[in-house]
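Tertiary structure, described
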Amino acid sequence: MKQVLTKAYRFILVLILLLGGIALERFGVIEYLSDPYELHYTLSLIGQHMILVAVSMLMATVLGLGVGIVFTRPRFKKYAGLVMYVVSLGQTIPSLAVIALAMSFLGIGFKPAIFALFIYSVLPIARNTLAGITAIPSWIIDAAKGMGMSNARILFQIELPNAMKVILTGFRISLVINIGTAALAFLIGAGGLGELIFIGIDLMRPDQLLAGALPVTLLALLADYLVELFGLFLVPRGLRLKEKFGA
Amino acid sequence: MHVIEYITTHKELCWRLTLEHIWIVALALFLSIIIGVPIGIAITRNEQAAKKVINTANILMTIPSIALFGILLPILSLINQGLGKVPAVIALVLYSQLPIIRNTYTAITNVPPELVEAGRGLGMNNWKRLKEIEIPLAVPVIIAGLRTAAVMSIGIAAIAAYIGAGGLGVLIQQGIARVYEEMIIAGALFVSLLAIFVDGGFALLERLLTPKGIRIGRELSR
């Protein structure tokens, strides 16, 4: 049964790839991308897209981790519920609305786009950092205290490593959403791969449209995969083992 | 505030677009329940299949929404439906599969085995156990999945305005195109409020549909 299923799954995958290839040829994407000028243009848009994502993600990670850490300290712990509420409220706001609001308050260009992406990406990271650190059993922290660890050492050697898995999930969600939302940044004049997609839709040119849509999709899938892969190295070995044996 | 002025003078437009938005999301949600819940229940019988189905849904979810519209457009224009509500609803249904399938699956696999055993002891057959024990206990978690799906769909439906699906995204799209600030803010405001209201509504539904026994048990354990 298991083998039949795996085989069927692989068969479907190969079929999809094959059909995808035929579709690419039929819609003229390959022709579009083999034009050196268009290829160069597409590559520069990919670069722009990645810069948008990288800058906003860097800022979002720093702030998200910061918020998560600050609101789990004893002094600010009482506000953690409030922060969590605000963050989950913020997450229900659609991405297009955030981009549009950034434009109406900050104008057009690169900076408003970065700001909108940054604000929107902070939320999952902050939420998961907060949730991850809060979920650590109190006896682990008590044990650390009993061993005479200072607060800073408890944070860096106990709390963050134990919460790392949850934080990484937040980072991954945030990154994938960010890559998708960065495609909308074109609407407020920040470029990126959205340029090919939106102009392609307006001109009804499937080749240009797909030349934008496929790299965005691949970028998102690749980012998702890479974070999952390299994230493993950041999770302490003990926690990894536990999962392997299904504890 | 100019925004309030804009809304009062364009009351009918805002109202019509809001209804259109709700209509797209509701239709998509309805279709994704019909597709997703049975799949979620079916895969509880086979762990391997479950893994594959959930992974596939996960990959679908990773595809950025505007890119998915872009990919669907040339494919659907073969049957002359490249623009408009059809690709929007298809995309929304695809995106909603992950939260719905995953929540249905986890909800049903998390039903305590002793309850299912008790059902078997009472002489219930497979189908009856599913109907009377597993599904009622799973409903709150399934509703939680619907809640995620609905909120996400509202956001994605806003982007679908760019492929001509209508809805509140039109205000944002037109507003950006005309650099008409009040229009943008009105659109963003309505979409956000709609998402927040739907989120709250589903949270309430989730609580109402939790079987009484579980609710009391939860309150006691608190």
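Note that the coordinates shown come from a computational prediction; the quantities given were computed from them, not determined experimentally.

Once that is clear, we can look at the overall build of chain B. Helix and strand counts for chain B stand at ten helices and zero strands. When the helices and strands of chain B are read in sequence order from the N terminus, they spell out α-α-α-α-α-α-α-α-α-α. In terms of overall dimensions, chain B has a C-alpha envelope of 70 × 45 × 25 Å along the principal axes. Here chain B holds 222 residues, and 49% of them are scored as buried. Looking at chain B alone, contacts between residues at least 24 apart form 75% of all its contacts between residues at least 6 apart. On chain B, roughly 11000 Å² of surface is accessible, and the fraction owed to carbon and sulfur atoms is 65%.

This paragraph deals with the overall build of chain A. On a plain count of helices and strands, chain A comes out with eleven helices and zero strands. Reading chain A from its N terminus to its C terminus gives the helix and strand order α-α-α-α-α-α-α-α-α-α-α. Once the C-alpha set of chain A is aligned to its principal axes, its extents read approximately 65 × 55 × 30 Å. Across the 247 residues in chain A, those meeting the buried criterion constitute 45%. Counted over contacts in chain A with a minimum sequence separation of 6, partners at least 24 positions apart contribute 75%. About 13600 Å² of surface is accessible on chain A, with carbon and sulfur atoms providing 72% of the total. Taking the average location of the 19 positive side-chain charges in chain A and that of its 12 negative ones, the two points are 20 Å from each other.

A word on helix α5 (residues 95–106) of chain A. End to end, α5 of chain A covers 16 Å across twelve residues, agreeing with the expected 16 Å (1.5 Å per residue, within 8%). Here α5 of chain A lies mainly inside the structure; nine of its twelve residues are buried. Those residues of α5 of chain A that fall on the buried side of the exposure criterion are Ser95, Leu96, Ala97, Val98, Ile99, Ala100, Ala102, Met103 and Ser104 of chain A. Buried residues in α5 of chain A make contact with α6 (110–134) and α8 (151–182) of chain A together with α7 (126–159), α8 (169–178) and α9 (181–209) of chain B. Of the residues one or two after α5 of chain A, Gly107 of chain A is the one with positive phi, at around 90°.

So, about the layout of surface pockets. Put simply, the second largest pocket is a space of about 1800 Å³. Lining the second largest pocket are 45 residues; nearest its centre among them are Ile173 of chain A together with Met61, Arg102, Thr148 and Met152 of chain B. Where the lining of the second largest pocket is concerned, the elements lending two or more residues are α4 (80–92), α6 and α8 of chain A together with α3 (47–62), α5 (85–109), α7 and α9 of chain B. A breakdown of the residues in the lining of the second largest pocket according to their chemical character gives 22 nonpolar, 16 polar and seven charged.

A few words on the packing of aromatic side chains. Taken as a whole and judged by the stated rule, the model has six aromatic pairs over all chains. Taking the centre distance of 6.3 Å and the plane angle of 40° together, the rings of Phe230 of chain A and Phe233 of chain A count as tilted. Note that Phe230 of chain A and Phe233 of chain A are positioned in helix α10 (residues 206–234) at a spacing of three residues, about one turn of the helix. With respect to burial, Phe230 of chain A and Phe233 of chain A carry one shared label: exposed. Measuring from ring centre to ring centre gives 5.4 Å for Tyr6 of chain B and Tyr180 of chain B, while their planes differ by 85°; the resulting arrangement is edge-to-face. Linking Tyr6 of chain B in helix α1 (residues 2–9) with Tyr180 of chain B in the loop between α8 and α9, this pair joins segments that are 174 residues apart in sequence. For Tyr180 of chain B, a relative accessible area of 29% corresponds to the partly exposed category. One aromatic cluster in this structure is built from Phe186 and Phe198 of chain A together with Tyr162 of chain B.

A few words on unusual backbone geometry. A positive phi angle is found at Met204 of chain A, which is not glycine, with a value near 55°. Looking at the element boundaries, Met204 of chain A is found in the loop between α9 (194–203) and α10. The phi dihedral of Val179 of chain B falls on the positive side, at around 45°, and the residue is not glycine. Turning to its location among the elements, Val179 of chain B is positioned in the loop between α8 and α9.

Residues and elements named next belong to chain B. At a minimum axis separation of 7 Å, α8 and α9 run at an interaxial angle of 160°. It follows that α8 is roughly antiparallel to α9 by the angle criterion. In the crossing of α8 with α9, the sense of the turn from one axis to the other is left-handed. For the pair α8 and α9, the contacting residues are Leu171, Ile172, Gln174, Gly175, Ile176 and Arg178 in the first and Met183, Ile184, Ala186, Gly187, Ala188, Phe190 and Val191 in the second. Here the residues of the contact of α8 with α9 are counted per class, giving nine nonpolar, three polar and one charged.

Turning our eyes to something else, we now look at the interface of chain B and chain A. Facing 35 residues of chain B, the contacting portion of chain A comprises 37 residues. In total, chain B and chain A occlude about 3200 Å² of area from one another, counting both sides; carbon and sulfur atoms represent 84% of this. The three residues of chain B that bury the most area against chain A are Lys52, Thr62 and Ile66 of chain B, which together make up 18% of that side's buried surface. Counting the contacts that link chain B with chain A gives zero salt bridges. Across the chain B-chain A interface, the total number found is one residue pair in polar contact (both at pLDDT 80 or more). Among the elements of the structure, α3, α4 (65–76), α7, α8 and α9 of chain B are those that each provide at least two residues to the side of chain B that touches chain A. Residue contributions to the side of chain B that touches chain A peak at nine residues, all from α9 of chain B. Of the residues in the side of chain B that touches chain A, the class split is 25 nonpolar, seven polar and three charged.

Conventions adopted
Every chain is numbered independently, its residues counted from 1 as its sequence is written. Labels follow written order: the first chain is A, the first ligand is 1, and so on. In keeping with the predicted nature of the model, local features appear solely for residues at pLDDT of at least 70, side-chain atom pairs appear and are counted solely at 80 or more, and the whole-chain, interface and lining totals rest on all residues. Side-chain calculation: all heavy atoms of the structure are included, whereas hydrogens and water are not. Each helix is a run of DSSP H or I of at least 4 residues and each strand a run of E of at least 2, with the numbering of both proceeding from the N terminus. Burial classes follow relative accessibility: with a 1.4 Å probe on protein chains only, a residue under 20% of its type's maximum area counts as buried, one over 50% as exposed, and anything between as partly exposed. Here, two residues are considered to be in contact whenever any of their heavy atoms come within 4.5 Å of each other. To be clear on the numbers: accessible area is Shrake-Rupley with a 1.4 Å probe, and residue cover counts the displayed protein chains and nothing else. This count recognises Lys and Arg as positive and Asp and Glu as negative, with His and chain-terminal groups excluded. The atoms used to mark charge sites are NZ of Lys, CZ of Arg, CG of Asp and CD of Glu. Multiply 1.5 Å by the residue count of a helix minus one, and that product is the helix's expected span. Buriedness of a pocket was judged along seven lines, with at least five required to meet protein on both sides within 12 Å; pockets are open sets of points on a 1 Å grid over the protein atoms alone, cavities are sets where a 1.4 Å probe fits but cannot get out, and lining residues have an atom within 4 Å of a point. Grid points are joined across faces, edges and corners, and a volume is the space filled by probe spheres set on the points. Under the scheme applied, nonpolar residues are Ala, Val, Leu, Ile, Met, Phe, Trp, Tyr, Cys and Pro; charged residues are Asp, Glu, Lys and Arg; polar residues are all the others, including Gly. Two rings belonging to Phe, Tyr or Trp (six-membered ring only in the last case) form a pair when the distance between their centres is within 6.5 Å. Interplanar angles under 30 degrees mark stacking, angles over 60 mark edge-to-face geometry, and anything in between is tilted. For helices, the fitted line uses only the C-alpha atoms of the stretch in contact; every axis is such a line through C-alpha atoms, and the angle between N-to-C directions lies from 0 to 180 degrees. Roughly parallel covers angles under 35 degrees, roughly antiparallel covers those over 145, roughly perpendicular covers 65 to 115, and oblique covers all other angles. Crossings are classed by handedness, with left-handed meaning an anticlockwise turn of the near helix from the far one by less than a right angle and right-handed meaning a clockwise turn. As a working definition, buried area equals the accessible area (1.4 Å probe) given up by two parts on being put together, with both sides summed. Only one rule defines a salt bridge in this text: a Lys or Arg side-chain nitrogen within 4 Å of an Asp or Glu carboxyl oxygen. Polar contact criterion, stated in full: a pair of N or O atoms within 3.5 Å, where within protein one must be able to donate a hydrogen and the other to accept it, and residues adjacent in sequence count only if both atoms are side-chain atoms.

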